[in-house]
Amino acid sequence: MDIDLLSKMVKELILDNDKVVLPGLGAFVAEMVPATFSDKGYTINPPYRRLYFRSKPDEDDALARFYATSNGVDFAVADKVVREFIAELKSILYIRKAVAFPGLGRMRATKENTVFFIADEDLDIYPEGMGLEPISLKTHQETTE
């Protein structure tokens, strides 16, 4: 397993789930952010899903199940591969203080090894929102009604 494969698996799983657990490290969590106003109330921004990382111990075998299915291996083998890779990733993160997840963002660690995630600007994990764009109310004409 490598970081590219892990990133692809997380992205694939997060499209259909609100949480993807990295055993022994934490979980990626996706949450809906409602439509908002900006530019002093003259622009309506569409809703979207935000991805963040929660470094609270959590258990879930969805990642290992997905790896097993995708690679045609036994679940026990997949679970071992995933857990060993995440443990290695965790030690690299604590040493280098940053790991890039291609197509997702960057995971970082503070001096105290508190882990946080910075999502890519163009990350799209909300397929239902495809085509939704901000609407500017400044360009619309006011009617007499």
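Keep in mind the model is a prediction, meaning the values are calculated, not measured.

J.: Before we go on, may I ask you to explain the sheet that holds strand β5 (residues 48-54) in this structure?
T.: In sheet architecture, strand pairing relies on hydrogen bonds along the backbone and comes in two forms, parallel and antiparallel. The antiparallel open sheet is built from three strands, whose spatial order is β1-β2-β5. At either end of the open sheet lies a strand with only one pairing partner, and these are β1 (19-22) and β5. This sheet shows a mean twist of 20 degrees between the axes of neighbouring strands, independent of strand direction. Sitting on the sheet, helix α1 (residues 3-16) is in contact with β1, β2 (26-33) and β5, with an inclination near 150 degrees to β1.

J.: Explanation requested: the pairing of β2 in the structure shown.
T.: Successive residues of a regular strand alternate their side chains across the two faces of the sheet. Counting buried positions along β2 gives six out of eight residues, so the element sits mostly inside the fold. As paired elements, β1 and β2 share four bridges and run antiparallel to each other. Counterpart to Lys-19 in the pairing with β2 is Val-29. What sits between the antiparallel neighbours β1 and β2 is a turn of three residues, in which Gly-24 has the positive phi angle 85 degrees. Sheet analysis places β2 next to β5, joined by seven bridges and oriented antiparallel. Pairing of Ala-27 across the sheet is with Arg-54, part of β5.

J.: Sorry if this is basic, but what is going on with the pattern of salt bridges here?
T.: Any two side chains of opposite charge can pair, on the condition that their charged atoms come close. Under the counting rule described, the total for this entry stands at eight salt bridges. Salt-bridge contacts for Asp-58 lead to Lys-19; the nearest nitrogen and oxygen are separated by 2.9 Å. A residue pair is termed long-range when its members are at least 10 positions apart, and Asp-58 in the loop between β5 and α2 (62-71) and Lys-19 in strand β1 qualify at 39 residues. For Asp-58, a relative accessible area of 17% puts it in the buried group. Look at the salt bridges and you will find they share partners, linking Lys-19, Arg-54 and Asp-58 into a network.

Definitions and cut-offs
Residues numbered from 1 in each chain as written. Predicted model: local features only at pLDDT ≥ 70, side-chain atom pairs only at ≥ 80, totals over all residues. Heavy atoms only, no water. Pairing = 2+ DSSP bridges. Helix = DSSP H or I, 4+ residues; strand = E, 2+ residues; numbered from the N terminus. Axes fitted to C-alpha atoms, helices over the stretch in contact; angles between N-to-C directions. Contact = heavy atoms within 4.5 Å. Buried < 20%, exposed > 50% of the residue type's maximum accessible area, 1.4 Å probe, protein only. Salt bridge = Lys/Arg side-chain N within 4 Å of Asp/Glu carboxyl O.

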